[in-house]
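A closer look at the structure
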Amino acid sequence: MNRNTRVALICVGVFVLMVGASFAAVPLYRLFCQVTGFDGTTQRAVAAPERALDRTLNISFDTNVRGLPVTFEAEQVRQVVHVGEPTLAFFRVTNTSDHAVEATAAYNVVPEHAGPYFLKLQCFCFESQRIEPGQTLEFPVQYFIDETIETEPEGRGIRNVTLSYTFYPTQGFDPEADASSGAAPAPL
C-alpha cells in the first residue's frame, strides 16, 4: 500500500469517527446532565426522604410550548416547600387542534446549580404523552429538595428555584401538516 492510499484511508477513518461522534454527542450529553445535574438538569429519585427539614425554598413554575397546538400551564405559580418534603405540583395541557398530538417535555431548573438537589419521584416528562383532539390532561409532578442542599457549599445560598418545562413534538408530529390543516397555532 502506497503512502497516498494510507493517508486517504486515515482521512476516511477520521471522517467516519467524527460523524459517529456527532451522532453520539446529544445522547451522551443528555446522560451526563442527568447523572451530574449539570445545566440545571433535575435528578430522578426512587424513594422520598424519611424526614423534612425546617428550611424552606420558594419553587416557581414556568411552562412553554414549542411547535404544538396546545396550551400548557402550571396549576400553581409558586409553592413554598420544606427541604426533604415530598411535594406535588400539577400541570394542565389542552390539545387545541382537531387531531391527536404526541409530545414530550424537556425540563430544567434555575439556578442551574440547584439541579442536583431537585429530585423527581414522578413526572410526565419521563415519557412521551399522547393528547387527543380537544382533550385536557392533568399531569402531576412529585418532587423533593434533597437535604444535602444544607451541607454543600453550592446549595446553601439557594432560596428560590424555578422549574421550567417546554412541551415539544415527539416523532410523528408534522407541524407543517398541522399548519395546513387550519388549526390555531399554540401560544408561545
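Quick note: structure is the one above.
Residues numbered from 1 in each chain as written. Predicted model: local features only at pLDDT ≥ 70, side-chain atom pairs only at ≥ 80, totals over all residues. Heavy atoms only, no water.

Structural notes on the overall build of the chain
Across its full length, the chain holds three helices and 10 strands. From first element to last, N terminus to C terminus, the chain shows the α and β order α-β-β-β-β-β-β-β-β-β-α-β-α. The proportion of buried residues among the 188 residues of the chain is 35%. Across the chain, the fraction of contacts at a sequence separation of at least 24, relative to all contacts at a separation of at least 6, is 76%. Accessible area for the chain stands at about 11,000 Å²; split by element, carbon and sulfur atoms hold 56% of it. (Helix = DSSP H or I, 4+ residues; strand = E, 2+ residues; numbered from the N terminus. Buried < 20%, exposed > 50% of the residue type's maximum accessible area, 1.4 Å probe, protein only. Contact = heavy atoms within 4.5 Å. Areas by Shrake-Rupley, 256 points an atom, 1.4 Å probe, with all protein chains shown as cover.)

Re the pattern of salt bridges
Where charged atoms of side chains with opposite charge meet at close range, the side chains can pair. In this structure the tally under the stated criterion is six salt bridges. Glu150 serves as the salt-bridge partner of Arg55, at 2.9 Å between the closest nitrogen and oxygen. Of this pair, Arg55 sits in the loop between β1 (43-44) and β2 (56-65) while Glu150 sits in the loop between β9 (136-145) and α2 (153-156), placing them 95 residues apart in sequence. Two residues, Glu132 and Arg130, come together in a salt bridge whose shortest N-O distance is 2.9 Å. Residue Glu132 is classed as partly exposed on the basis of its relative accessible area of 32%. Taken together, the salt bridges that share partners define one network made up of Glu73, Glu75 and Arg92. (Salt bridge = Lys/Arg side-chain N within 4 Å of Asp/Glu carboxyl O.)

Focus: the packing of aromatic side chains
Considering all chains together, one arrives at 12 aromatic pairs under this definition. Plain terms: the ring middles of Tyr107 and Tyr165 are 6.3 Å apart, the flat faces sit at 55 degrees to each other, and that makes the pair tilted. Of this pair, Tyr107 sits in strand β6 (residues 101-110) while Tyr165 sits in strand β10 (residues 160-169); the two residues are 58 residues apart in sequence, bridging distant segments of the chain. Residue Tyr165 is classed as buried on the basis of its relative accessible area of 0%. (Phe/Tyr/Trp six-rings, centres within 6.5 Å; stacked < 30°, edge-to-face > 60°.)

A short note on the state of the cysteines
Counted according to the given criterion, the structure contains one disulfide. Across a sulfur-sulfur distance of 2.2 Å, Cys123 and Cys125 are joined as a disulfide pair. Sign of the S-S torsion, about 130 degrees for the bond between Cys123 and Cys125, identifies this disulfide as right-handed. For the pair Cys123 and Cys125, one class covers both residues: buried. (Disulfide = S-S within 2.5 Å.)

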